[in-house]
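Examining the three-dimensional arrangement
The chain contents come next:
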Amino acid sequence: MRLHRTLPATLAALALAGAVPATFSQLASGQSTATRDLDSRLQQLVSAVSESRLGELVNTLAAFGTRNTLSSTTSPERGIGAARQWIFEELQRSSPRLQVSFDTYKVAKGARITRDVELRNVLAVLPGRSPRRIYLTAHYDTVNIGGTGQIGSNTRPSGQTAAADPQLRADQDYNVDAPGANDNGSGTALTMELARVLATSGVEFDATIVFALWAGEEQGLVGSRIHAQRLARNKTVVEANINNDIVGNSHGGGGETDAGSVRVYSEGPEDSPSRALARYISRVASLYVPSHRIRLMARPDRFSRGSDHSSFNDYGFPAIAFRESRENFAKQHSALDTVDGVDVAYLAQNARVNIVSLASLALAPPAPVVTNERGQARIGRQPSGYDANLQWQASPGASAYRIYWRDAWTNDWAESRLVGDQTQVSLPGLSIDDHVFGVAAVGADGNESLVSAYVERRARRPEVKLR
Ligand SMILES: [Zn+2]
């Protein structure tokens, strides 16, 4: 991400006052750097997203009739077996650079998984220069809960919400129509299209990008949970999970139409890595896809609804979910989730926001580590006792760093300054008690990492013993 702002008034006033420590000169030197152009590679990636291919992918996915995790695996044209095989082959056809595989698990009967089942996620890896991973994900499975689908659940009187889970009914037929064009053919198509565009772009990324299509989401995020659990166990570095679930409808069931914005849900607290990812997407998208508005939502997901990004959150990985702005619950989780409910032009806009966020992050160096070995933020008031002194670890590949700050009672960065290839800076007279600070690593091409925030770790004091 490239973002340039002028010197804040407080620092400019200090500069004029004359009492300027050396660190301030370093800051001021950043000001002479002219605003650079946008990265042409990112602009090309945005324009390479194919609306017509997105439409074709959604059509093909819906044509499997159902992709329920417990549906047929033997029919060559209907059910999850045929669908996952086609996704696998389509990813392989997209580019020889994609390492495509099934991520297969034998899941035991339990809860909504009403019999032992072989569950297959489909993965496509685009290797980068470094092993650090960024995940772009969507679930490809579908469900038809019977009755009137999701709107039935939404409109059930509150006192009756404990009604039996429709997926636990004994008489379920897993092969009934569950086309899932929007939930989640939209996110699946988006992920597959971005795999094609990024793998065929000729752009070399620093991060390794993993495109993952999950199964078992509708039974409780099963496929993504097993995978995230393994990543944590193997201590794999996952810098971000960008998840898309229900991102193709622009005509809300409540009567409102909105094809000009998309929601991004992220788990708190306010300076969590997931929130840093959400803010990053908002800033990059505003530069490269200014025609689409990002609506940041400071909560893990919609009320009592969930998706696979939460599996990544559960294991400590930064993760967000894209959600269309206006949902039509009457089509979800029923036979009515058909292709006519997907606005492909809107889905393409969401794909453009995704691709530029993902590519910018994958081109940039990793975010700086701002904590010491004990996990404490390396921030102090030196040298005067009233300054903001920030220290961080050098990020591999960084050629500069950008400092961000904001008033402590606000939720997005207000000021920023580019500093050189250094690992500490003092901001004279800026109170670390009244502001939140963060630092991002900047690559030689100007692309920026996520912002690492300086967050105080509160240790709980021991109980006072009474007698
Ligand atoms: Zn979904």
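Residues numbered from 1 in each chain as written. Predicted model: local features only at pLDDT ≥ 70, side-chain atom pairs only at ≥ 80, totals over all residues.

Details of the environment of N68
Rule in force here: Numbering of helices and strands runs from the N terminus, with a helix taken as a DSSP run of H or I at least four residues long and a strand as a DSSP run of E at least two residues long. Our exposure labels follow a C-beta count within 10 Å of each residue's own C-beta, placed from the backbone: buried means 20 or more other C-beta atoms, exposed means 12 or fewer, and partly exposed covers the counts in between. By the convention adopted here, residues are in contact when the distance between their C-beta atoms, placed from the backbone, does not exceed 7 Å.
Assignment of secondary structure puts N68 in the loop between helix 4 (51-62) and helix 5 (80-94). Judged by the 27 C-beta atoms lying within 10 Å of it, N68 falls in the buried class. Once residues within four sequence positions are removed from consideration, N68 is found in contact with I80, D141, T142, V143, Y174 and A178.

Points about the pairing of strand 10 (residues 388-391)
A regular strand places its side chains on the two faces of the sheet in alternate fashion. Threshold: Being paired, for any two strands, means DSSP has found at least two bridges between them.
Bridging between strand 9 (residues 379-380) and strand 10 involves two bridges; their strand directions are antiparallel. Within the sheet, the bridge partner assigned to G380 lies in strand 10 and is N389. Here four bridges tie strand 10 to strand 13 (residues 424-427), and the two strands are oriented antiparallel to one another. Bridging from a neighbouring strand, N389 pairs with S426 of strand 13.

Points about the packing of helix 5 against helix 7 (residues 185-200)
The condition is simple: Fitting a line to C-alpha atoms yields each axis, with helices limited to the stretch in contact; the angle taken between N-to-C directions then spans 0 to 180 degrees. In these notes the angle categories are as follows: under 35 degrees is roughly parallel, over 145 is roughly antiparallel, 65 to 115 is roughly perpendicular, and the rest is oblique. Handedness of a crossing is defined here by the sense of rotation of the near helix relative to the far one, left-handed for an anticlockwise turn of less than a right angle and right-handed for a clockwise turn. Residue type decides the class: Asp, Glu, Lys and Arg count as charged, Ala, Val, Leu, Ile, Met, Phe, Trp, Tyr, Cys and Pro as nonpolar, and the leftover types, Gly among them, as polar.
For the pair helix 5 and helix 7, interaxial distance at closest approach is 9 Å and the crossing angle is 20 degrees. With respect to helix 7, the element helix 5 is oriented roughly parallel. Considering only the axes of helix 5 and helix 7, their crossing is right-handed. Only M192, A195, R196 and A199 of helix 7 make contact with helix 5, whose side of the interface consists of I87, E90, L91 and S94. When its residues are assigned to classes, the contact of helix 5 with helix 7 shows five nonpolar, one polar and two charged.

Focus on the sheet that holds strand 8 (residues 319-324)
One open sheet accounts for eight strands, arranged 1-2-4-3-5-8-6-7; its pairing is mixed. Because the sheet does not close on itself, it has two edges, and the strands there are strand 1 (99-107) and strand 7 (293-297). Between one strand axis and the next, the sheet turns through 25 degrees on average, direction left out of account. In the packing of helix 8 (residues 222-233) onto the sheet, the strands contacted are strand 1, strand 2 (117-126), strand 3 (133-139), strand 4 (208-214) and strand 5 (238-244), and the crossing angle to strand 2 comes to about 60 degrees. Against the sheet, helix 9 (residues 273-288) engages strand 5, strand 6 (261-266), strand 7 and strand 8, with an angle of about 160 degrees to strand 6.

Concerning the environment of R352
Structurally, R352 can be placed in helix 11 (residues 344-363). Given 22 C-beta atoms within a 10 Å radius, R352 is considered buried. Sequence separation of R352 and D245 is 107 residues, and the distance between their C-alpha atoms is 15 Å. In this structure, R352 is in contact with V46, V49 and V289, ignoring residues within four places of it in sequence.

A few points about the nonpolar core
Worth spelling out the cut-off: Put simply, a nonpolar core is buried Ala, Val, Leu, Ile, Met, Phe, Trp, Tyr and Cys residues tied into one set by C-beta atoms within 7 Å. Domains are outlined according to an automatic or database domain assignment.
I209, I281, V356 and L358 are the most contacted members of the largest nonpolar core, which totals 115 residues. Among the elements that line this core, the one with the most residues is helix 11, at 13 residues. Taken together, domain 1 (9-37 + 367-453) and domain 2 (40-151 + 173-363) each give at least three residues to this core, which thus spans both. If we ignore the near neighbours within four places in the chain, the residues touching I209 are L126, G128, I134, L136, L198, L358 and A362.

A word on the domain arrangement of the protein
By a widespread convention, an interface's size corresponds to the accessible area lost as its parts come together. When the domains of the protein are assigned, the result is domain 1 (9-37 + 367-453) and domain 2 (40-151 + 173-363). If you average the C-alpha positions of domain 1 and of domain 2, the two centres end up 35 Å apart. The residue inventory of the side of domain 1 that touches domain 2, partitioned by class, reads five nonpolar, four polar and two charged.

A short note on unusual backbone geometry
With an omega dihedral of 5 degrees, the bond running from G268 to P269 counts as a cis peptide bond. Mapping P269 onto the fold places it in the loop between strand 6 and helix 9. Residues Q382 and P383 are joined by a peptide bond in cis, for which omega reads 0 degrees. Within the secondary structure, P383 is located in the loop between strand 9 and strand 10. At A111, a position not held by glycine, the phi torsion is positive, near 50 degrees. With respect to the element layout, A111 can be found in the loop between strand 1 and strand 2. Under the C-beta neighbour-count criterion, A111 is labelled exposed, with 11 such atoms within 10 Å. Backbone geometry at S304 places phi at a positive 55 degrees, although glycine is not the residue there.

A closer look at helix 4
In an α-helix, one full turn covers 3.6 residues, which means residues spaced three or four apart are oriented alike. Our working rule: Multiplying 1.5 Å by the residue count of a helix minus one yields the expected span of that helix. Here the arc refers to the directions that run from the helix axis out to each C-beta atom.
Relative to the 16 Å expected for twelve residues at 1.5 Å per residue, helix 4 spans 17 Å between its end C-alpha atoms, a close match to the ideal helical length. Along helix 4, the residues that are buried comprise L54, L57, V58, L61 and A62. Projected onto a plane normal to the axis of helix 4, the buried residues spread over an arc of 130 degrees and lie on a single side. Next to the buried residues of helix 4 lie helix 5, helix 7 and helix 11.

Regarding the environment of S395
Within the fold, S395 resides in the loop between strand 10 and strand 11 (398-407). You can call S395 buried: it has 22 C-beta atoms within 10 Å. Between the C-alpha atoms of S395 and V369, which are 26 residues apart in sequence, the distance is 7.7 Å. For S395, the residues in contact, after removing those within four places along its chain, are P365, P366, A367, P368, A441 and S449.

Notes on the sheet that holds strand 11
Strand pairing in a sheet relies on backbone hydrogen bonds. The paired strands run either parallel or antiparallel. An order of 12-11-14-15 is seen for the four strands of this open sheet, with the pairing classed as antiparallel. Looking at which strands have only one partner, the edges of the open sheet turn out to be strand 12 (415-419) and strand 15 (452-453). In terms of strand pairing, strand 14 (residues 435-443) meets strand 15 through two bridges, oriented antiparallel. Across the sheet, the residue bridging to V439 is S452, located in strand 15.

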